[in-house]
Amino acid sequence: MAARHEEIAEELRQAIDREDYTVGSLLPAETELAAHYGVSRGTVRQAVAALTAEGLIGSRQGARRVVLAGCRSQSFTELCSFAQWAHAMGREASGHVMSSAYRPATPEDSERLHLPSGTAVLHILRVRALDGERVLLERTVYADWIAPAVERIEPECPSVTQRLYEDEGLVFAYGEHLIDAVAADTQDAELLGVRRTSPLLRVRRVTTTRDGRPVEWSDDRYRSDAVGFSVRQRTGNNTLARTTGPALAGPPWGVPPGRPGEYRRQPGRGT
């Protein structure tokens, strides 16, 4: 029989999964949760500590806990966090920054981050791994206003999303994603341990705060033999799921009519 704090943790996971608590929203205070479940505050702390370790919620000293990600059912807007997804899958995420440098914003940087051309933005190349196996390259450009906080994060930090919440109170809430397939170039091949020209799944994304302010834009490249994407559609809802292993058979990654190799969705409410 599960311990009481484990049962409470699972009930909270399900509530987050149902969107009773959406990304960016606050969990009830410990006293409220303790009264609701008829347990001590210590038991509640054990339950929420488990969710914090999984990357579902974040905590800052003197502040109530905030939801950082959904649980087992991912939407497009939750793909900004590789580490949160890995935790939900029971996998260990790790990463290493290969390079970090400030550069003047290009026209593309300016358009995506809503910054004047030439603004100094932070470019970071990061290799991400699942259970020690390299599966993803992230080429991320951070807006000038958040770049100093990102630069202070240690190169081996497993979750930049979690750290930016802990250090800055920043919650990633909205996103736009464009998915297609590309051939590995020389750098991709070397860092991911694949042959040059091997197929990679590319996700280009822009992530913003809840009020729509762009935080980052990134070109993420996944090994296609290690991570796949599937799209489940029904009236009024489209859900993108990221899975380990290659994508399911069928049209590649939810190809819309007339747009081969791409699946694009405009920003929507965080979940």
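Sequence order as written defines the numbering, with residues in each chain counted from 1. Totals for whole chains, interfaces and linings use all residues, but because this is a predicted model, local features are given only for residues with pLDDT of at least 70 and pairs of side-chain atoms are given and counted only at 80 or more. Hydrogens and water are ignored here; the side-chain numbers use all heavy atoms of the structure.

Student: Any chance you could break down the overall build of the protein for me, citing the residues and the numbers?
Tutor: Numbering of helices and strands starts at the N terminus; helices are DSSP runs of H or I of at least 4 residues and strands are runs of E of at least 2. Counting secondary structure elements, the protein contains 8 helices and 11 strands. Partly exposed describes any residue whose relative accessible area lies between the buried limit of under 20% and the exposed limit of over 50%, with all areas from a 1.4 Å probe on protein chains only and scaled to the type maximum. By the burial criterion, 49% of the 271 residues in the protein qualify as buried. Working rule for contacts: check all heavy atoms of both residues, and any pair within 4.5 Å makes them a contact. Considering only intrachain contacts with a sequence separation of at least 6, the fraction spanning at least 24 residues in the protein is 61%. All accessibility values rest on the Shrake-Rupley procedure with a 1.4 Å probe; residue burial counts only the protein chains present in the view. A total of about 12900 Å² of accessible surface is found on the protein, and carbon and sulfur atoms cover 49% of it.

Student: Any details on unusual backbone geometry? Residues and values, ideally.
Tutor: Although it is not a glycine, histidine 114 adopts a positive phi angle of roughly 55°. In this structure histidine 114 comes out as exposed when scored by relative accessible area, which is 61%. With phi around 50°, aspartate 131 is a residue other than glycine that occupies positive phi space. In this fold, aspartate 131 is placed in the loop between strand S4 (120-130) and strand S5 (133-142). Overall, aspartate 131 belongs to the partly exposed group, its relative accessible area being 44%.

Student: Please provide a residue-by-residue account of the pattern of salt bridges, values included.
Tutor: In the sections that follow, a salt bridge refers to a side-chain nitrogen of Lys or Arg positioned within 4 Å of a carboxyl oxygen of Asp or Glu. Under the definition given, this model contains 21 salt bridges. Here arginine 202 ties to aspartate 219 by a salt bridge, and the two come within 3.8 Å at their closest N and O atoms. In this pair, arginine 202 is assigned in strand S7 (residues 199-208) and aspartate 219 in strand S8 (residues 214-223), connecting sequence segments 17 residues apart. Residues arginine 202 and aspartate 219 agree in their burial class; the two are buried.

Student: So what's going on with the packing of aromatic side chains? Residues and values would help.
Tutor: To describe a pair of aromatic rings, you give the distance between the ring centres and the angle between the ring planes. Pairing of aromatic rings covers Phe, Tyr and Trp, the last counted by its six-membered ring, and requires centre-to-centre distances within 6.5 Å; plane angles under 30 degrees mean stacked, over 60 mean edge-to-face, and any other angle means tilted. One pass over the full model with this rule turns up 0 aromatic pairs. Over the ring of tryptophan 217 we find arginine 112; its NZ or CZ atom is 4.6 Å from the centre of that ring. For a ring to carry a charge above it, either NZ of a lysine or CZ of an arginine must fall within 6 Å of the ring centroid while also lying within 35 degrees of the normal to the ring plane.

Student: Before we move on, could you go through the nonpolar core and cite the residues and values that matter?
Tutor: Core analysis: the largest hydrophobic core is formed by 18 residues, its most contacted members being Leu12, Tyr21, Val48, Leu51 and Ile57. Sorting elements by how many residues they give to this core places helix H1 (residues 4-17) first, with 5 residues. Tyrosine 21 has contacts with Leu12, Ala15, Ile16, Leu26, Leu27, Pro28 and Val67, leaving out every residue within four places of it along the chain. In this structure, Val97, Leu122, Ile124 and Phe172 belong to the second largest nonpolar core, which totals 15 residues. The nonpolar core is taken to be a set of buried Ala, Val, Leu, Ile, Met, Phe, Trp, Tyr and Cys residues, with the residues joined through side-chain atoms within 4.5 Å.

Student: Requested: an account of helix H2 (residues 30-37), with residues and values cited.
Tutor: The complete set of buried residues in H2 reads Glu30, Leu33, Ala34 and Tyr37. Buried residues of H2 fall within an arc of 100° about the axis and therefore sit on the same side. Opposite the packed face of H2, turned more than 90 degrees from it, sit the exposed residues Ala35 and His36. Considering only its buried residues, H2 is in contact with H1 and helix H3 (41-53). Following H2 by one or two positions, glycine 38 has its phi on the positive side, about 70°. Each C-beta atom gives one direction from the helix axis, and the arc is the one those directions make.

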